[in-house]
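Overview (structure and organization)
Residues per chain, in single letters:
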Amino acid sequence: MTIPWPAPYCEFLTTFLDLVTTNMSEELQADFEGGDSGASQVYPAQCSSLRKNGHVVIKGRACKIVEMSTSKTGKHGHAKVHLVGIDLFTGKKYEDICPSTHNMDVPVVKRADYQLIDISDDGFLSLMMESGDLRDDIKIPEGDLTVLSAMGQEMVVATKPNMK
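First things first, this report covers the structure right here in the doc. (Residues numbered from 1 in each chain as written. Predicted model: local features only at pLDDT ≥ 70, side-chain atom pairs only at ≥ 80, totals over all residues. Heavy atoms only, no water.)

Points about the pairing of strand β10 (residues 143–150)
Taken together, the eight bridges between β10 and strand β11 (residues 153–161) define a ladder with antiparallel strand orientation. Across the sheet, residue Val 147 finds its bridge partner in β11, namely Val 156. A loop of two residues connects β10 with β11, the two strands running antiparallel in sequence, and Met 151 in this loop sits at a positive phi of about 50°. (Pairing = 2+ DSSP bridges. Helix = DSSP H or I, 4+ residues; strand = E, 2+ residues; numbered from the N terminus.)

Okay, here's the thing in structure tokens:
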């Protein structure tokens, strides 16, 4: 003998099962179109292993370490590492203090050389990679240019971002 469920419970159960089925089918649909290589943009490193002129993430920004000092341990504490870093993209100074045994994120920094092909009217660079492929997604930097001059020749050798 089966006992019928009251109508409100049946409606609830039907709605709940529809919701669960819809959510599960949406979760199972994988998007392979915009995937990346799976490589991380940062990796952890113990604070005490960081070095001057290395890189570190301070306040969410990729920085080059320009100053670093370690304080001695207290009676019951850890040694602290004081880091001063310059943002790689804005030149802004950031500071952080971290126990020497704790981990900090270190950004994966890559340097690549390209051949400049063209500069578009909207300020995007057309760059050729070593493979021959073109990149058109990097905007010309705003700020000051450093020009080297010698014996009648001139060349742009560096850019310095505007500090705003």
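A look at a nonpolar patch on the surface
The grouping of Leu 88, Phe 89 and Val 109 at the surface amounts to a nonpolar patch, some 300 Å² of accessible area in total. Following the sequence through the fold, Leu 88 ends up in the loop between β4 (80–87) and β5 (93–99). (Patch = residues over 30% accessible without salt bridge, like charges linked within 9 Å, V, L, I, M, F, W, Y side chains within 5 Å. Areas by Shrake-Rupley, 256 points an atom, 1.4 Å probe, with all protein chains shown as cover. Salt bridge = Lys/Arg side-chain N within 4 Å of Asp/Glu carboxyl O.)

So, the layout of surface pockets
By volume, the largest pocket is sized at about 1800 Å³. Taken together, 36 residues line the largest pocket, and the ones lying closest to its centre are Leu 88, Phe 89, Lys 110, Arg 111 and Thr 159. Ranked by residues supplied to the lining of the largest pocket, first place goes to β11 with six residues. For the lining of the largest pocket, the residue count by class is 22 nonpolar, six polar and eight charged. (1 Å grid on protein atoms, 1.4 Å probe; cavity = no way out; pocket = protein on both sides within 12 Å on 5 of 7 lines; lining within 4 Å. Points joined across faces, edges and corners; volume = space filled by probe spheres on them. Nonpolar A, V, L, I, M, F, W, Y, C, P; charged D, E, K, R; others polar.)

Looking at unusual backbone geometry
You will see that Asn 53, though not glycine, has its phi angle at about 75°, which is positive. Relative to the helices and strands, Asn 53 is located in the loop between β1 (42–46) and β2 (55–58). Despite not being glycine, Lys 59 shows a phi value in the positive range, around 50°. Within the secondary structure layout, Lys 59 lies in the loop between β2 and β3 (61–71).

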